[in-house]
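Chain by chain, the residues run as shown.
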Amino acid sequence: MNTKKKNAAPTMKDVALEAGVALGTVSKVINGLPVGASYRLRVEEAIQKLDYHVNSYAQGLKSNKTYTVALLIPNTYNPFFARLVYEINIALLKRKYRMLLCTTDFDSKLEQDYITIAKQNKVDGIIGLTYNPNLQVDESISFVSIDRPMGLHIPCVASDNFAGGQMAVEKLADLGCKNVAFLRVGSALDSEPNKRKAGFENGCLARGLSYEEKIITDGQPISEFEAFFQSHIANGKLEFDGLFCVTDFLAHEVIKMLKNLGLTVPSDVQVIGFDGVRAFGTGDYFCSTIVQPVADIAEMCVSLLLSETMQTKPPLICLPVSYAYGGTTKDSEAFAKFAKKGEAL
């Protein structure tokens, strides 16, 4: 008979006594190891009856693991960041790990504070999409960076941003654009997404397109883009017939500005964004876009972070991107369907 003290949490020993099996048998069932069917059934019934829960923290102390990974991300307001959080959590859950979510809101000091907090909580590693140029990461902590190279000892996972920028220009050229513009908001921090601009320029040179660039830094008013457009309108017509926005989020703002100026997308000007953000409800792409393989990025980050067999981890892994139509370009068949329905943006 189980004489466990009232109100105390049940232990594996209690489960073994209730099931009438050895403690090792309970351990095998909990850890998914093979045991006889009758023994497994008895243990599972005892677990349910006693409402036993595995003490993962105690398990972690024994194995020198907490089965917890910290994720540093600017916010979950941006749809791309939100999708990244979701996919990383899924990748961790598949491996029976938990995620400690740390949203930094682009605060450099908070990023450093979270590194300290994660270390104090003895997480098994950190995945970070960070913006602090002076971020200090102890080499004793496993760390994987997203989009930003941070040294040879920290792997960086990113999309092929250069190829994405070039892909966007080639698509605009294929759709008849002759004069295009590159629009960007971002920090001065050296990061992989900066290569979108180089890819854009390379594509323009390869296709012989005329182009201009409007780049503002974080903190500057986004209204500067509207002023930029106004300075390039003559007789009610925008000089550019194609725009490449560095993110879908920026494309969203730009499309609103163009509407305010009496311009129609894609009839007057075609727009391509970057990220692959989908609209809520329908799941359609918000705009024609260069799609980042978010699920693959998440899987690669988690795999690199938790790998115990890889002695030397690559400093940079670039994953392929793809183009997707989203209603803001004149892709023949797709655009024809939108135009017929009167759905041009």
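Since the structure is predicted, the reported quantities are computational estimates derived from the model, not experimental observations.

Asks: Before we go on, may I ask you to explain unusual backbone geometry in this structure?
Replies: For residues besides glycine, phi is generally negative; the peptide bonds are generally trans as well. Here V265 and P266 are connected by a cis peptide whose omega angle stands at 5 degrees. Position of P266 relative to the elements: it lies in the loop between α10 (248-260) and β11 (270-275). The backbone phi angle of D51 is positive, close to 55 degrees, even though this residue is not glycine. A positive phi is found at K122, a non-glycine position, where the angle reads about 55 degrees. Position of K122 among the secondary structure elements: in the loop between α6 (108-120) and β3 (125-128).

Asks: So what exactly am I meant to see when it comes to the sheet that holds strand β5 (residues 156-159) here?
Replies: Pairing between the strands of a sheet comes from backbone hydrogen bonds, and it takes one of two forms, parallel or antiparallel. The sheet built from six strands is open, its strands ordered β2-β1-β3-β4-β5-β13 with parallel pairing. Looking at strand neighbours, the two that pair on one side only are β2 (98-103) and β13 (316-319), the edges of this open sheet. This sheet shows a mean twist of 20 degrees between the axes of neighbouring strands, independent of strand direction. For strand β1 (residues 68-73) and β2, the ladder comprises six bridges, and the chain directions are parallel. Bridge pairing links L71 to L101 in β2.

Asks: Please explain the packing of helix α1 (residues 12-19) against helix α3 (residues 37-50) as it appears in this structure.
Replies: To describe two helices that pack against each other, one gives the angle between their axes and the distance between the axes. At their nearest, the axes of α1 and α3 sit 8 Å apart, and the two run at 120 degrees to each other. One way to sum up the angle between α1 and α3 is to call them oblique. Regarding α1 and α3, the two cross each other, and that crossing is right-handed. Here D14, V15, E18 and A19 of α1 lie close against α3, whose contacting residues are R42, V43, A46, I47, K49 and L50.

Asks: Would you mind showing me how to read the pattern of salt bridges here?
Replies: Pairing is possible between side chains that carry opposite charge, provided their charged atoms lie close to one another. Under the criterion given, the structure shown has 14 salt bridges. For the salt bridge of E299 with R95, the shortest nitrogen-to-oxygen distance reads 2.4 Å. Within this pair, whereas E299 is found in helix α11 (residues 294-306), its partner R95 is found in the loop between α5 (79-94) and β2, the two being separated by 204 residues in sequence. Classification of E299 as partly exposed rests on a relative accessible area of 27%. Judged by relative accessible area, R95 falls into the partly exposed class, the value being 28%.

Asks: Can you walk me through the sheet that holds strand β14 (residues 322-324) in this structure?
Replies: A sheet is described by the order of its strands in space; here six strands give the open sequence β7-β6-β10-β11-β12-β14, paired in mixed fashion. Both outer strands of the open sheet, β7 (210-217) and β14, are each paired with one neighbouring strand and no more. Taking each pair of neighbouring strands and ignoring which way they run, the sheet shows an average axis angle of 20 degrees. Pairing geometry for β11 and strand β12 (residues 289-291), over three bridges, is parallel. Of the residues in β12, the one forming a bridge with F274 is I290.

Asks: For this particular structure, what's the right way to read the packing of aromatic side chains?
Replies: The geometry of an aromatic ring pair comes down to the distance between the two centres and the angle between the two planes. This model, assessed by the stated rule, comprises twelve aromatic pairs. Taken together, a centroid distance of 5.9 Å and an interplanar angle of 55 degrees make the contact between F228 and F229 tilted. Take F228 and F229: they sit in the same class, and that class is buried. Counting every residue linked through ring pairs, the aromatic cluster contains F182, F200, Y211, F244 and F274.

Asks: What's the story with the state of the cysteines in this structure? I'm lost.
Replies: In the structure shown here, the tally under the stated rule is zero disulfides. A disulfide-free cysteine, C102 has its sulfur positioned 15 Å from the sulfur of C301, the nearest such atom. On the basis of relative accessibility, which here comes to 3%, the residue C102 falls in the buried class. Of the cysteine sulfurs around C156, a residue in no disulfide, the closest is that of C318, at 7.4 Å. Residue class for C156 comes out buried when judged on its relative accessible area of 0%.

Asks: Would you explain the side chain of T104 in this entry?
Replies: Topologically, T104 is positioned in the loop between β2 and α6. Among the residues examined, T104 registers a relative accessible area of 1% and is labelled buried. Among all residues touching T104, those that are not within four sequence positions of it are I73, P74, L110, E111 and Y114.

The rules behind the values
Residues numbered from 1 in each chain as written. Predicted model: local features only at pLDDT ≥ 70, side-chain atom pairs only at ≥ 80, totals over all residues. Heavy atoms only, no water. Helix = DSSP H or I, 4+ residues; strand = E, 2+ residues; numbered from the N terminus. Pairing = 2+ DSSP bridges. Axes fitted to C-alpha atoms, helices over the stretch in contact; angles between N-to-C directions. Parallel < 35°, antiparallel > 145°, perpendicular 65-115°, else oblique. Left-handed = near helix turned anticlockwise from the far one by under 90°. Contact = heavy atoms within 4.5 Å. Salt bridge = Lys/Arg side-chain N within 4 Å of Asp/Glu carboxyl O. Buried < 20%, exposed > 50% of the residue type's maximum accessible area, 1.4 Å probe, protein only. Phe/Tyr/Trp six-rings, centres within 6.5 Å; stacked < 30°, edge-to-face > 60°. Disulfide = S-S within 2.5 Å.

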